[in-house]
Amino acid sequence: MDRVSNKPQDSLYDVAVMAAIRHPLTYRFPPSWTVATGQRVLVPLATRKATGIVLGPTSKLAPGIEVREALRTLDPEPALSPELVRLGLWISDYYLAPPGEVFRAMLPLRQETRRARQVHLTEEGRRKLQELAAGPPEESNTSQDAALLAYLDRRPGASFEILQRKFPDAYARALDEKWVTVEEVKKERSRRQVFAVRLAGPLPEHPPRLSPVAKRIMEALEQQGPAEDHRPLLESARAQLASLRKLGQKGLIELSESGWQGAHSVLRERDAPETAGGTPAPRLTPAQSAVLADLFPRLDSGGFGVVLLHGITGSGKTEIYLHLIARCLERGRSALMLVPEIALTPAMQSLFYSRFGDEVALLHSGLTERERDDAWWRVRHGQARVVLGTRSAVFAPLANLGTVIVDEEHDSSYKQDETPRYHGRDVAVVRAQYAGALALLGSATPSLESYWNAQEGKYHLAKLEERIAGRKLASVEVVDMRQEFRETHTQMPLSRKLEEEIEAQLRASAQTMLLLNRRGYSWFLLCRSCGQTQRCVNCSVSLTYHRREHRLSCHYCGYSTAVPSHCPACGSEYLQYVGEGTEKIEHKFAELFPGARVARLDRDVARRRGEFLRVLDEFRRGKIDILVGTQLIAKGHDFPGVTLVGVLSADIGLGLPDFRAAERTFQLVTQVAGRAGRGEAPGRVLVQTFYPEHYAIRLAADQNYSGFFSKEMGFRRMMHYPPLTALANIVAQHEKLERAAQVAKEMGDFFTKVEAQFPGIKILGPGPAPLAKVERRYRIQFLLKSNSRANLHALLKQLVHHATQSAIQPREIMIDVDPVNIM
Ligand code: ADP
Ligand code: ZN
Ligand code: ZN
């Protein structure tokens, strides 16, 4: 047994352990193991066990470090291809994130199978057992043998680990004497039984009398739509499985052990008329053909390249994506397309299904564990070669990738706001590079970064400058709300002009969309006596009033509390709701326009999936006259019936202390304006604002992208902001203010010490972050600006090294490279 001591050097492996550890750890692997890069292994970590990804053999070992032995491999095949391991290491390096945490984000899997070694009796073994059973008990050896064989006889397939523990000597003997054989089997992890649940149909006119529990279940199903997993449903309805079964027996709901073939089945049914037989692709316009003629040779060349597709709203970008993907499939390659928020674009999903059928796999965070696992392995095994997904789908295990498409590439939801803080668009480009694929970034309002790269010649620029079928962009009019106030002396959310236009729409039975980028009912609750607002206990922000729940809630951490009847600070009862969110506008409009069908779409509605899909669907079918919503309604939707778009307050984001405020406002106004006039009838847009002369608003009203680009680039150049300057946001954070301050001081001292080495880097701070406290953690901020990305990276590496030396935990210092949000 002393093989352990003289194992060859090459059994040492580097493993990225899925924990907040800044570097890979080295483990010893038993020589009998065959492991490959990308394989998942179970390793000991301090006093617990952890999953890790094998990076490769290593020989370098710091002296004096005790190497522990890995416990076992977790999958029969590597979960990650070498290409994806390389991508993960790039992310870990570029974003200075612990490698194990990167791989955890890349592999959203449960442990599907484990290997079990099952032991069975052989013929020899059976004979021996009979022999021993017949004879009288003799020495202890023999009685141990008898006990082992009898045990196996009762439990064929018992595990090797148990036998070894129970009968250590006899087991070795039994193997030698060939009384037993060992079989390796893949064993499904034991799963708790999971049911998918849905309503059996529309509720009957006179529903049977139901218990309160049963009512809660029915309500939950109605609001949330079908559930793929009964457990959260039971939790939210505070019910037991027995109640579900009873409802099933009554025929009110259906239970299924095998799910409804993934989340999309609901959508497929819903969209059945559209998808039946597959919608034929429309004839391409000359402009679309020209773009594809430009793209195809780049795809076929089999080399890496990036194309930025700048196509105005309604110019038919989707058809370009679909044709590119079809071309990939024809050539035996696979394709990946990222969209900002998939749950919000069921229309895109049904298009994909109708064109590519079962080749499609959806990957996004709205899936249940089981659906995600199923989709992931379908892709891993090559059964699905087209992936449509959100940010983390950039890690989809596709082989032989031909193209990576990023739709609405400017969208900030591509940036992950927790470790690893990667940008999905930028990772998509690196992934394409490693795969020798074509990256296609599409938008009507490209990010400054991407457009700059195109101007610099790093990306190829393709353009669609006309709307489909010669449709015109909507005409935009700016309404000066200061003027409005001077004339009416009231602070109204709705100008007279917009009100008239909406009335005209209603008379003409035409549809209207209204953007207000603020959800909830009122912005906050203000005490008229002492001036305090009700604030979150965890974050330094005011709580928003939500009328549906009649509660105040925090949009950062989710904390929510009952509405107080008296001011908790001074006891006064003069509390006033201030400001209006989408929920209030929805209510107001229902009063203001009696008879109009008003609905709302925002993140609160999106949480109730059934309702969300219903609103989208009814709006598309013209059953809703006015749709009020946040930026969710601006995202890529194609509602041909909308001829009027109103922006209630275009400047909500403009006052924020964030250098991207103007860019975001420009994008939002341009995108929402782009929802108007997508059908036959031309569209109109009214933009209400208190800053009519602000360039972001003026140029968005003109839908003048290049004008905005040059103006904004001037500002970025002058202020040393991206894309001309590399930026990193560093935040010391801790529940205790003293510790946050101490960490900030450590970092400040470090920066002072190394500043001279990095003359091109400007270090701003320390200062309180604009959000000085989030989720109970105090936050102290540094902003690093560098004229050289390489230098910035070198400095950050040193910072991480210094943090490790000074026992600063990874969670105590947040490093955000290329931050999108610096609040
Ligand atoms: P974008 O994403 O550029 O805003 P879409 O791809 O949504 O635009 O296309 C706008 C509309 O034009 C959609 O309704 C789409 O079905 C339609 N469309 C796209 N290409 C064609 C075409 N070649 N012929 C007819 N209609 C088209
Ligand atoms: Zn008060
Ligand atoms: Zn909070």
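Here, the structure is the one placed above.
Residues numbered from 1 in each chain as written. Chains lettered and ligands numbered in written order. Predicted model: local features only at pLDDT ≥ 70, side-chain atom pairs only at ≥ 80, totals over all residues. Heavy atoms only, no water.

Caption draft 1: Just the overall build of the chain, in detail. In terms of regular secondary structure, the chain is built from 27 helices and 33 strands. Its C-alpha atoms give the chain principal-axis dimensions of about 110 × 80 × 70 Å. Excluding contacts between residues fewer than 6 apart, the proportion of contacts in the chain whose partners are at least 24 apart in sequence is 76%. Per element, the accessible surface of the chain, about 38,100 Å² overall, is 50% carbon and sulfur. Each charge sign in the chain was given a centre, from 110 positive and 95 negative side chains, and these centres are 2 Å apart. (Helix = DSSP H or I, 4+ residues; strand = E, 2+ residues; numbered from the N terminus. Contact = heavy atoms within 4.5 Å. Areas by Shrake-Rupley, 256 points an atom, 1.4 Å probe, with all protein chains shown as cover. Lys, Arg positive; Asp, Glu negative; His and termini not counted. Charge placed at Lys NZ, Arg CZ, Asp CG, Glu CD.)

Caption draft 2: Structural context of the coordination of the zinc ion (ligand 3). Looking at the zinc ion (ligand 3), one finds its protein donor set to be Cys536 (SG), Cys539 (SG), Cys554 (SG) and Cys557 (SG), positioned 2.2 to 2.3 Å from the metal centre. Around the zinc ion (ligand 3), the four donor atoms are arranged such that angles at the metal cover 103 to 114°; this shape is classified as tetrahedral. The motif formed by the donor residues of the zinc ion (ligand 3), counted along the single chain, is C-x2-C-x14-C-x2-C. One end of the pair, cysteine 539, is in the loop between strand 21 (524–527) and strand 22 (544–546); the other, cysteine 554, is in the loop between strand 23 (551–553) and strand 24 (560–562), and 15 residues separate them in sequence. We note that cysteine 539, like cysteine 554, is buried. (Donors = N, O, S within 2.8 Å, 3.2 Å for Na, K, Ca; no water. Tetrahedral: all angles 85-135°; square planar, octahedral: opposite > 155°, others 65-115°. Buried < 20%, exposed > 50% of the residue type's maximum accessible area, 1.4 Å probe, protein only.)

Caption draft 3: Expanded view of the side chain of arginine 421. Within the secondary structure, arginine 421 is located in the loop between strand 16 (401–407) and helix 16 (424–435). In terms of polar contacts, arginine 421 uses its side chain to reach the backbone carbonyl oxygen of aspartate 417, at 3.4 Å. When near neighbours in sequence (up to four residues on either side) are disregarded, arginine 421 contacts Tyr95, Lys415, Gln416, Met814, Ile815 and Asp816. (Polar contact = N/O pair within 3.5 Å; in protein donor to acceptor, adjacent residues only side chain to side chain.)

Caption draft 4: Spotlight on the packing of aromatic side chains. Within the structure shown, the criterion is met by 22 aromatic pairs. Summarising the aromatic geometry, the rings of phenylalanine 352 and phenylalanine 356 are spaced 5.8 Å apart at their centres and angled 75° between planes, so their arrangement reads as edge-to-face. One end of the pair is phenylalanine 352 and the other is phenylalanine 356, both in helix 14 (residues 346–356) and four residues apart, which spans about a single turn. With a centroid separation of 4.8 Å and an interplanar angle of 70°, the aromatic rings of tyrosine 451 and tyrosine 705 are classed as edge-to-face. Of this pair, tyrosine 451 sits in helix 17 (residues 448–455) while tyrosine 705 sits in helix 25 (residues 705–719), and the two are 254 residues apart along the sequence. This pair shows no difference in class: tyrosine 451 is buried, exactly as tyrosine 705 is. Aromatic ring contacts, followed pair by pair, group Tyr451, Phe666, Tyr695, Tyr705, Phe708 and Phe709 into a single cluster. Positioned over the ring face of phenylalanine 296 is arginine 327, at 4.1 Å from the centre of the ring. The ring of tyrosine 721 has lysine 785 lying over it, and the distance from NZ or CZ to the ring centre is 4.0 Å. (Phe/Tyr/Trp six-rings, centres within 6.5 Å; stacked < 30°, edge-to-face > 60°. Lys NZ or Arg CZ within 6 Å of the ring centre and 35° of its normal.)

Caption draft 5: Summary view of the site of ligand 1. Around ligand 1, a shell composed of 16 residues is seen, among which Arg283, Gly314, Lys317, Thr318 and Asp638 lie nearest. Glycine 314 has a polar backbone atom sitting 2.6 Å from an oxygen atom of ligand 1. Between an oxygen atom of ligand 1 and a side-chain N or O atom of lysine 317, the distance comes to 2.8 Å. For ligand 1, whose free accessible area comes to 560 Å², the fraction covered by protein is 75%. In terms of residues, the shell around ligand 1 owes the most to one element, helix 13 (residues 317–330), which gives three residues. Its residues assigned to classes, the shell around ligand 1 shows four nonpolar, seven polar and five charged. (Near = heavy atom within 4 Å. Nonpolar A, V, L, I, M, F, W, Y, C, P; charged D, E, K, R; others polar.)

Caption draft 6: Expanded view of the pattern of salt bridges. With the rule as written, the count across this model stands at 49 salt bridges. Ionic pairing is found between arginine 385 and glutamate 359, a salt bridge with its closest N-O pair at 2.8 Å. Linking arginine 385 in the loop between helix 15 (369–380) and strand 15 (386–389) with glutamate 359 in the loop between helix 14 and strand 14 (360–363), this pair joins segments that are 26 residues apart in sequence. Its relative accessible area of 24% is what places arginine 385 among the partly exposed residues. Residues arginine 425 and glutamate 409 are paired through a salt bridge, measuring 3.2 Å at the closest nitrogen-oxygen approach. Taken together, the positions of arginine 425 in helix 16 and glutamate 409 in the loop between strand 16 and helix 16 put the pair 16 residues apart, joining distant regions of the chain. Here the two residues arginine 425 and glutamate 409 agree in accessibility, since each one is buried. Three or more residues are tied together by salt bridges with common partners; here these are Glu449, Arg660, Glu663, Glu712 and Arg716. (Salt bridge = Lys/Arg side-chain N within 4 Å of Asp/Glu carboxyl O.)

Caption draft 7: Just the side chain of serine 243, in detail. Mapping serine 243 onto the fold places it in helix 9 (residues 241–249). On the basis of relative accessibility, which here comes to 18%, the residue serine 243 falls in the buried class. The contacts of serine 243, once residues within four sequence positions are left out, are Val213 and Ile217.

Caption draft 8: Geometry of the sheet that holds strand 30 (residues 726–734). The antiparallel open sheet is built from four strands, whose spatial order is 31-32-30-33. In this open sheet, the two strands that pair with only one neighbour each are strand 31 (761–774) and strand 33 (813–817). Each adjacent strand pair in this sheet contributes to an overall mean axis angle of 20°, direction not counted. In this structure, strand 30 lies alongside strand 33, joined through five bridges in antiparallel fashion. Along strand 33, the bridge assignment pairs valine 731 with methionine 814. (Pairing = 2+ DSSP bridges. Axes fitted to C-alpha atoms, helices over the stretch in contact; angles between N-to-C directions.)

Caption draft 9: Up close: the coordination of the zinc ion (ligand 2). Protein ligation of the zinc ion (ligand 2) involves Cys527 (SG), Cys530 (SG), Cys567 (SG) and Cys570 (SG), the donor distances falling in the range 2.2 to 2.4 Å. Because the angles between the four donor atoms bound to the zinc ion (ligand 2) fall within 105 to 113°, the donor set is best described as tetrahedral. Donor residues for the zinc ion (ligand 2) sit on one chain with the sequence pattern C-x2-C-x36-C-x2-C. Of the two residues, cysteine 530 sits in the loop between strand 21 and strand 22 while cysteine 567 sits in the loop between strand 24 and strand 25 (575–578), which places them 37 residues apart along the sequence. Under the relative-accessibility criterion, cysteine 530 is labelled partly exposed at 35%.

Caption draft 10: Here's a closer look at the sheet that holds strand 18 (residues 460–464). The strand order across the open sheet formed by seven strands is 14-15-13-16-17-12-18, and the pairing between neighbours is parallel. Across the chains shown, the open sheet's two edge strands, defined by having one partner strand only, are strand 14 and strand 18. Within this sheet the neighbouring strands show an average axis-to-axis angle of 20°, counted without direction. Where strand 14 lies against strand 15, four bridges are found, and the strand directions are parallel.

Caption draft 11: Just the nonpolar core, in detail. Formed by 119 residues in total, the largest nonpolar core has its most connected members in Ile730, Leu784 and Leu796. Per-element tally for this core: the top contributor is helix 26 (residues 737–754), with seven residues. Beyond its immediate sequence surroundings of up to four residues, isoleucine 730 is in contact with Met747, Ile780, Gln781, Phe782, Leu784, Leu796, Leu799, Ile813, Met814 and Ile815. Of all hydrophobic cores here, the second largest spans 31 residues; its members include Leu309, Leu324, Phe352 and Ile405. (Core = buried A, V, L, I, M, F, W, Y, C linked by side-chain atoms within 4.5 Å.)

Caption draft 12: Expanded view of helix 17. Most of helix 17 is tucked away, with seven of its eight residues classed as buried. Those residues of helix 17 that fall on the buried side of the exposure criterion are Leu448, Glu449, Ser450, Tyr451, Trp452, Asn453 and Ala454. Against strand 12 (305–311), helix 16, strand 17 (438–443), strand 18, helix 23 (661–673) and helix 25 lie the buried residues of helix 17. The first or second residue beyond helix 17 is glycine 457, which carries a positive phi of 85°.

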